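Residue-level listing of the chains:
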Amino acid sequence: MKKVFLICCIVGFTTMAEPLPQPEFADAGACANVALSALSASGELSFSLSFAPGSSNNVEVAFGADLDGDGKLSPDERRMEAGWDRGAWFMCDAGGEMVMQMAQPSGSVAREFRWSLRLKRGRVPTRLSATVDGAPLFYEVASAPPGWLYEPEWNMACVIVRGAGVGGEMGEVKATIDGTVLKFR
């Protein structure tokens, strides 16, 4: 008689950003900060946003380290940002390196932006999957993503909205370490 034992270990961290208020003025914004735990093993850092991309709004997630310990990711603490900015899907680093893909605003039609970065040994970006309603974005860097897409020291994410027609968006930020299955016979 064979005995089979399965041991599974899946560790993850998921958090939802609260619905953000509609900015009072078209050039104003709102931000929801989310604490992150660094990945120590191979895994995935991902987020999703659901909103109506317009010609005058901006919806994004910024990642970085809360260096002053105030629980907020201020603009000078942001190291990478990705999302929508008035007619283009984008991702950029703090130094200004940017990857953009132009798109038509959808008016009042909601779109789902999904971003997933695979990491090797919790440090090295190996594969990027970014989509809008399932259609791929940033294909030119998908199989060889730039190193600035992740830093292990990041401990904070910030969902940011600016402009008209962006109230009530939900954002999910998730860090997951790969599961392990061991079989003994």
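Here the structure is a predicted model, which means the values were calculated and not measured.

**Observations regarding the side chain of Glu77**
Here is step 1: Within the element layout of this structure, Glu77 appears in the loop between β4 (57-64) and β5 (78-85).
Here is step 2: Of the side chains with opposite charge, Arg78 lies nearest to the buried Glu77, which makes no salt bridge, at 7.5 Å.
Here is step 3: Residues in contact with Glu77, not counting those within four places in the same chain, are Phe63, Gly64, Ala65, Asp66, Leu67, Asp68 and Lys72.

**Focus: the nonpolar core**
Here is step 1: Core analysis: the biggest nonpolar cluster contains 34 residues, and Phe47, Phe63, Met91, Phe113, Trp115 and Phe138 have the highest contact counts within it.
Here is step 2: Counting residues per element, the ones that place at least two in this core are β2 (29-35), β3 (43-51), β4, β5, β6 (88-93), β8 (111-120), β9 (124-132) and β11 (156-163).
Here is step 3: Excluding residues within four positions of it along the chain, Met91 makes contact with Glu81, Ala82, Glu97, Met98, Val99, Trp115, Leu128, Phe138, Val141, Trp148 and Leu149.
Here is step 4: Of all hydrophobic cores here, the second largest spans five residues; its members include Ala62, Leu73, Met156 and Cys158.

**Thoughts on the confidence of the model for the protein**
Here is step 1: Overall, the predicted model of the protein reaches an average pLDDT of 79, with 72% of residues at or above 70.
Here is step 2: Considering only residues more than four positions removed or in separate chains, one finds that residues 1-18, a stretch of pLDDT under 50, has 47 contacts.
Here is step 3: Low pLDDT, under 50, characterises residues 179-185; the stretch is placed with 19 contacts to residues that sit more than four places away or in other chains.

**Section: the sheet that holds β2**
Here is step 1: Spatially, six strands are ordered β2-β11-β4-β5-β6-β7 in an open sheet, and the strand pairing comes out antiparallel. Each edge of the sheet is formed by a strand with only one pairing partner; in this case those strands are β2 and β7 (98-102). Along the sheet, successive strands turn relative to each other by an average axial angle of 10°, direction set aside.
Here is step 2: Across seven bridges, the pairing between β4 and β5 is antiparallel. Looking across to β5, one finds that Glu60 is bridged to Gly83.

Conventions used here
- Residues numbered from 1 in each chain as written.
- Predicted model: local features only at pLDDT ≥ 70, side-chain atom pairs only at ≥ 80, totals over all residues.
- Heavy atoms only, no water.
- Helix = DSSP H or I, 4+ residues; strand = E, 2+ residues; numbered from the N terminus.
- Buried < 20%, exposed > 50% of the residue type's maximum accessible area, 1.4 Å probe, protein only.
- Lys, Arg positive; Asp, Glu negative; His and termini not counted.
- Salt bridge = Lys/Arg side-chain N within 4 Å of Asp/Glu carboxyl O.
- Contact = heavy atoms within 4.5 Å.
- Core = buried A, V, L, I, M, F, W, Y, C linked by side-chain atoms within 4.5 Å.
- pLDDT = per-residue confidence, 0-100.
- Pairing = 2+ DSSP bridges.
- Axes fitted to C-alpha atoms, helices over the stretch in contact; angles between N-to-C directions.

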